[in-house]
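Here is how the chains run, residue by residue.
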Amino acid sequence: MVRVLAVTLFLMAVVGCSGGGSDGALDPNSPAAQGVRDGVFHMNNASEPENLDPHTVTGVPEHFILSALFEGLVNLAADGITIVPAAAASWEVSEDSLTYTFKLREDGKWSDGSPVTTADFLYAWERILTPALGSDYSSMLYPMKNARAFHEGEIADFSLVGAKAIDDRTVAVTLEYPAPYFLSMHSHYTWYPVQKKAIEAHGGMTERGTKWTQPGNLVSNGPFVLTDWEPDKIIIAKQNPHYWDNVILNAIHFHPVDDMLTEERNFRSGELHMTYEMPLSKVRSYQKNNPEVLKIFPYYGTYYYMLNVTKKPLDNVRVRRALSLALDRERLCNFVVISGEKPAHAFSPPDPNGFVSATRYEFDPEAARKLLAEAGYPDGKGLPPVELLYNTQENHKLIAETIQQMWNETLNIQVELVNQDWKVYLSTRRTLDYNIARAGWIGDYIEPINFLECMETGNGNNNTGWSNAEYDALLAKALRARTNEERYAFYQEAEDILHEEMPIIPIYQYVRKMLVRPEVKGWIPNLRDHRFYQGMSLEAAN
């Protein structure tokens, strides 16, 4: 551990001094300077997206692109909190909070100029819930009456689901239970409409991976439209001329740079207005020399490791718990990630609306060694090497190397690190072809259930092989709880089961750390890093 920390601190000193992060005047010939003149926003998006089908993706990089191309019935303002009209101009909520009636705006159009109607929303919701599509994110629609029953094949008639077109401009959504967060869910891509004509011109309703998401084929209803996509180079979205609202930016260039040192260098050289992340080795330097471009703010998410409970030796809960007890989260946060992250003591992060889990994930080397011995591996003897998978990124590598060293020194076990690019990594996780995998979850809306349901049996984001009927029942009860106190009690019981069974190891609660040029206007740091692109602009710095 001492060696790892020494190397980390050395890198922070040497690498940080080598580049520093100068925020001088932009080179007038740089892409960022030209972008200010032309209204073209350059942002790094960290990776090549898995695809651009809002019903089959699950990642944050995909979200940043899709939220520029599409919009749901409502959106969130730049503060990431305030609900604002989007495809719907207005809505009403019934007295029992179970029925939402949305009025679509008269001037809502697709990027091909055709009107957006309620049929587009019903088609989209039926598509994502149809089992044949195999969406990992269909559970986002489960608050809608009978949505889960349709998705799980209990009913086959979509007309029984709680979504009804009153007319071409009016849609009523009936819920299974009151969900105070329901409106905010519609800023997520799972609720976006898709155009039937565009999809079925290139395949069937539930056919995955077709060419409908390619430039020239993808028809969208958001402020921008996809015009160019050079894999592993750039994705360009230009202003949608048929969008109903005023949009200031003329285009957004999404860059898929996964190497953070390259990303930071590109920022300094004027190729980017905004980075996706920040190399840990550069944080101290920017805090000292250029704090005005370094943005660090709370982020509603948890960094954790998934454990494949279907493979030995991780099928043994004692081994899983030993790994957690041998992880010093305080030291990791204070000396490695160093940006204000807090040790995670639950899967769901502290909820600004009220719920804070009472569970504690302690660092206890003696208890960890005892559990490993009870599992049949005293001092790590006989335990086969385990692989730790992470998607390619400098910070993930540094964290994995640190934890690898902790586990070796505390438990005398061998951990082999495996890194894969984003698409391959996601596929490896889904097929359970791993031992331990790095993971992160950012809340789609502010409510603990959005984290806890990821570990529910059958959830598309539960890539651990773990299942627990009692846990599933607690989540079902929480959804129908009549008071906050009752709901929070069910959440706590669910967190306790995760702590006892340990299919995942929560590591720390995220903060967002990124570089943003002063020319960027209309972007506000917020708990979910929501981007309200139609309100963003670029202005020459004074």
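Everything numeric in this text was worked out from a predicted model, so none of it was measured.

K.L.:
I tried to follow the packing of helix α16 (residues 469–479) against helix α17 (residues 484–501) on my own but got confused; where do I start?
P.N.:
Each pair of packed helices gets described by two things: the angle between the helix axes and the distance between those axes. Contact pair α16 / α17: the axes reach a minimum separation of 8 Å and the direction vectors enclose 160°. Regarding the angle of α16 to α17, the classification is roughly antiparallel. The way α16 lies across α17 gives a crossing that is left-handed. Here Glu470, Tyr471, Leu474, Leu475, Lys477 and Ala478 of α16 come into contact with α17, specifically with Arg487, Phe490, Tyr491, Glu493, Ala494, Ile497 and Leu498. Per-class residue counts for the contact of α16 with α17 are nine nonpolar, no polar and four charged.

K.L.:
Which parts of the structure should I look at to understand unusual backbone geometry?
P.N.:
As a rule of thumb, non-glycine residues mostly have phi less than zero, and peptide bonds are mostly trans rather than cis. With an omega dihedral of 0°, the bond running from Lys312 to Pro313 counts as a cis peptide bond. Tracing the sequence through the fold places Pro313 in the loop between β11 (294–307) and α10 (317–325). Even without being a glycine, Asn146 presents a positive backbone phi close to 65°. Despite not being glycine, Asn412 shows a phi value in the positive range, around 60°. Position of Asn412 among the secondary structure elements: in the loop between α13 (394–411) and β14 (415–420). A residue is classified by how much of its surface remains accessible, and Asn412, at 37% relative accessible area, is partly exposed.

K.L.:
Please clarify how the sheet that holds strand β8 (residues 224–230) should be interpreted in this entry.
P.N.:
One key point about sheets: their strands pair by backbone hydrogen bonds, in either a parallel or an antiparallel sense. With mixed pairing, the four strands of this open sheet are ordered in space as β1-β10-β9-β8. Looking at strand neighbours, the two that pair on one side only are β1 (40–44) and β8, the edges of this open sheet. Strand-to-strand twist across the sheet, computed as the mean angle between neighbouring axes with direction ignored, equals 20°. Alignment of strand β9 (residues 234–239) against strand β10 (residues 251–255), held across four bridges, turns out to be antiparallel. Within β10, the residue paired with Ile236 across the bridge is His253.

K.L.:
How should I be thinking about the sheet that holds strand β6 (residues 163–167) in this particular structure?
P.N.:
Spatially, the four strands line up as an open sheet ordered β4-β5-β7-β6, and their pairing is antiparallel. Where the open sheet ends on each side, the last strands, each with one partner, are β4 (88–93) and β6. Ignoring strand direction, the axes of neighbouring strands in this sheet form an average angle of 20°. As defined by bridge partners, β6 adjoins strand β7 (residues 170–174) across four bridges and the pair is classed as antiparallel. Note that in β7 the partner of Ala165 across the bridge is Val171.

Parameters and conventions
Residues numbered from 1 in each chain as written. Predicted model: local features only at pLDDT ≥ 70, side-chain atom pairs only at ≥ 80, totals over all residues. Heavy atoms only, no water. Axes fitted to C-alpha atoms, helices over the stretch in contact; angles between N-to-C directions. Helix = DSSP H or I, 4+ residues; strand = E, 2+ residues; numbered from the N terminus. Parallel < 35°, antiparallel > 145°, perpendicular 65-115°, else oblique. Left-handed = near helix turned anticlockwise from the far one by under 90°. Contact = heavy atoms within 4.5 Å. Nonpolar A, V, L, I, M, F, W, Y, C, P; charged D, E, K, R; others polar. Buried < 20%, exposed > 50% of the residue type's maximum accessible area, 1.4 Å probe, protein only. Pairing = 2+ DSSP bridges.

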